[in-house]
Amino acid sequence: MGININDPEPIRFLDADGTFAPNESAAEYLSEIDDLAVEEVQEWYRSMARSRAFDTECTNLQRQGQLALWAPNLGQEGCQVGLAYATEPADHLFPTYREHAVADVRGVPLLDLAAQFRGLTHGGWDVNDPKNGNFHLYTVVLGAQAQHAQGFALGMLLDAKRAAGNTALDPNEPGTRTGRGVMCFYGDGTTSQGEANEALVFAQSYQSPVVFVVQNNQYAISVPVARQSRTPLYRRALGFGIQSVQIDGNDVLASYAVGRRFMRDAREGRGPGYIEALTYRVGAHTTSDDPTRYRENEELEEWKTKDPLLRAAGYLRSLGVSDETIAEIDAEAAAHARVVREQILALPASRPDEIFDYVYAEPHPRIDEQQTWMHAYEASFAEEVAS
């Protein structure tokens, strides 16, 4: 028979053409955009355009053999940019491996993202460097970042409690104001991982200042979300007692408004949040994937009509921004992406010994042993040539 639950319409501010038409679900979040200036929305569009142009260049570079792999975020720029701008400088963000727009907004150089996919670095940027905006390293192991984020948020909570002279962790204890929070990103496929659900248990139990963002782009590689769950994903968090909503993830305004509210609640000690952003992966899961094998072209074309950049551009026009200004932003984004492309091609090759550099914080005999073996192995080729 199933459970009869009427789901509210996903929170949406903008129609497909960018017309400002908040639906009933968006009503309680309207106050979050009261102080929004046209210049801010224009900057959001700039970030979205930069991300798309960069994504296009990197996809081409991979096809040309210049990147080992690439994970496109084409079509997901709206939720990424809106949510990124909803955070504060002191917040920490934990990504998967396709949050390129979020990284750019937080200050991580696009070149550092590409270096990782070129196989030149294990991480790509120094998380402890303030210029990188507390944006943590990409996570390829599905679900791992959910526990990393929850653990980091719990540390924030414990620090705040200690500073207030209260170290109790009693059951059902109210939350504690931390003044900063954590935002964690993952996809619909990761919701099926145990780690993601375990993180929800701890987040709700301790009222950690963390907001989980599920970018439901409709496919976990080749498996459609309908195969993973017969109910909307946001309901899973409701089962843990976590405040949870579903938004139109291709609407940058909705992403910003809901993200801003949820992050503020987390910082103020009102507990964790969970946002399911409905979006679509227009490109492949990664460049090793062929999406034509598991989805119909009609579906793809339908989602293209909901393009987050076209919607944002339409909204900007309604605010008085000219077509010329939007075209200038697009051209600027394309020019920047071309510069980054040339920088990628000019990156120096990595040293083989770098694979040992960051395994342990201190010297380790096992690492020394492996490094010695590698040097001997490489030297053996020179000996063969000489003989």
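Here goes a summary of the coordinates provided.

Conventions used here
- Residues numbered from 1 in each chain as written.
- Predicted model: local features only at pLDDT ≥ 70, side-chain atom pairs only at ≥ 80, totals over all residues.
- Heavy atoms only, no water.
- Pairing = 2+ DSSP bridges.
- Helix = DSSP H or I, 4+ residues; strand = E, 2+ residues; numbered from the N terminus.
- Axes fitted to C-alpha atoms, helices over the stretch in contact; angles between N-to-C directions.
- Contact = heavy atoms within 4.5 Å.
- Salt bridge = Lys/Arg side-chain N within 4 Å of Asp/Glu carboxyl O.
- Core = buried A, V, L, I, M, F, W, Y, C linked by side-chain atoms within 4.5 Å.
- Buried < 20%, exposed > 50% of the residue type's maximum accessible area, 1.4 Å probe, protein only.
- Phe/Tyr/Trp six-rings, centres within 6.5 Å; stacked < 30°, edge-to-face > 60°.
- Expected span 1.5 Å × (residues − 1).
- Parallel < 35°, antiparallel > 145°, perpendicular 65-115°, else oblique.
- Left-handed = near helix turned anticlockwise from the far one by under 90°.
- Nonpolar A, V, L, I, M, F, W, Y, C, P; charged D, E, K, R; others polar.
- Polar contact = N/O pair within 3.5 Å; in protein donor to acceptor, adjacent residues only side chain to side chain.

1. What about the sheet that holds strand β7 (residues 273-278)?
Pairing is parallel across the open sheet formed by 5 strands, whose spatial order is β1-β2-β3-β7-β6. On the outer flanks of this sheet lie β1 (92-94) and β6 (243-248), each paired with one strand and no other. Strand-to-strand twist across the sheet, computed as the mean angle between neighbouring axes with direction ignored, equals 20 degrees. Two strands pair when backbone bridges link them, and β6 and β7 are joined in this way by 6 bridges, in the parallel orientation. Across the sheet, the residue bridging to I247 is A277, located in β7. Against the sheet, helix α9 (residues 252-267) touches β2 (182-187), β3 (210-216), β6 and β7, its axis set at about 165 degrees to β6.

2. Looking at the environment of L347
With respect to the secondary-structure elements, L347 resides in the loop between α12 (323-345) and α13 (354-357). Between the alpha carbons of L347 and R118 there is a distance of 9.2 Å; along the sequence they are 229 residues apart. Once residues lying within four places of it in the same chain are set aside, the contact partners of L347 are L111, A115, R118 and L120.

3. Observations regarding the pattern of salt bridges
This model, assessed by the stated rule, comprises 26 salt bridges. A salt bridge links R260 to E32; the nearest nitrogen and oxygen atoms lie 3.8 Å apart. Placement of the pair is R260 in helix α9 and E32 in the segment before α1 (38-63), with a sequence separation of 228 residues. For R351, the salt bridge goes to E354, with nearest N and O atoms at 3.7 Å. Ionic contacts of the salt-bridge type, sharing partners, join the residues E28, E32, D35, R260, R261 and R264 into one network.

4. Structural notes on unusual backbone geometry
Phi at N172 is positive, roughly 60 degrees, even though this residue is not glycine. Mapped onto the secondary structure, N172 falls in the loop between α5 (144-163) and β2.

5. Details of the nonpolar core
Judged by nonpolar contacts, the single largest core of 67 residues is most densely connected at I11, F13 and Y45. Excluding its chain neighbours within four sequence positions, the residues that come into contact with F13 are T19, F20, A21, P22, A26, Y29, L30, I33, D251, L253, A254 and A257. Counting 20 residues, the second-largest nonpolar core is a separate cluster that includes V182, A199, A203 and I242.

6. Some remarks on the packing of aromatic side chains
Evaluated as defined, the whole model comprises 18 aromatic pairs. Ring geometry for W70 against F117: centres 4.8 Å apart, planes inclined by 65 degrees, an arrangement best described as edge-to-face. Remark: F117 occurs in helix α4 (residues 110-117) and W70 occurs in the loop between α1 and α2 (77-85); sequence separation between them is 47 residues. Members of the aromatic cluster, connected to one another through ring pairs, are F54, W70, F117, W125, F135 and Y138.

7. Section: α1
The end-to-end C-alpha separation of α1 is 38 Å, in line with the 38 Å expected for 26 residues at 1.5 Å each. Immediately beyond the C-terminal end of α1, within one or two residues, lies G65, with a positive phi of roughly 85 degrees.

8. Looking at α5
The end-to-end C-alpha distance of α5 is 29 Å, a good match for the 28 Å that 20 residues give at a rise of 1.5 Å each. The set of residues buried in α5 consists of A144, Q145, A146, A149, Q150, A153, L154, M156, L157, A160 and K161. Phi turns positive one or two residues past the end of α5, at G165, with a value near 75 degrees.

9. So, the packing of α4 against α12
Following both chains from N to C, one finds α4 and α12 inclined at 45 degrees, their axes separated by 10 Å at the closest point. Comparing the axis directions of α4 and α12 gives the class oblique. Note that α4 runs across α12; the crossing there is right-handed. Facing α4, whose interface residues are L110, L111 and A114, α12 presents H336, V340, Q343 and I344. By residue class, the composition of the contact of α4 with α12 is 5 nonpolar, 2 polar and no charged.

10. Some points on the side chain of K161
With respect to the secondary-structure elements, K161 resides in helix α5. Those residues in contact with K161, other than ones at most four positions away along the chain, are N166, T167, A168, L169, E173 and T176.

11. Description of the side chain of D307
Among the structural elements, D307 can be located in the loop between α10 (297-304) and α11 (308-318). We classify D307 as buried; its relative accessible area is 15%. A distance of 2.8 Å separates the side chain of D307 from the side chain of R52, its partner in a polar contact. Within the structure, D307 has its side chain in polar contact with the backbone nitrogen of L309 (distance 2.7 Å).

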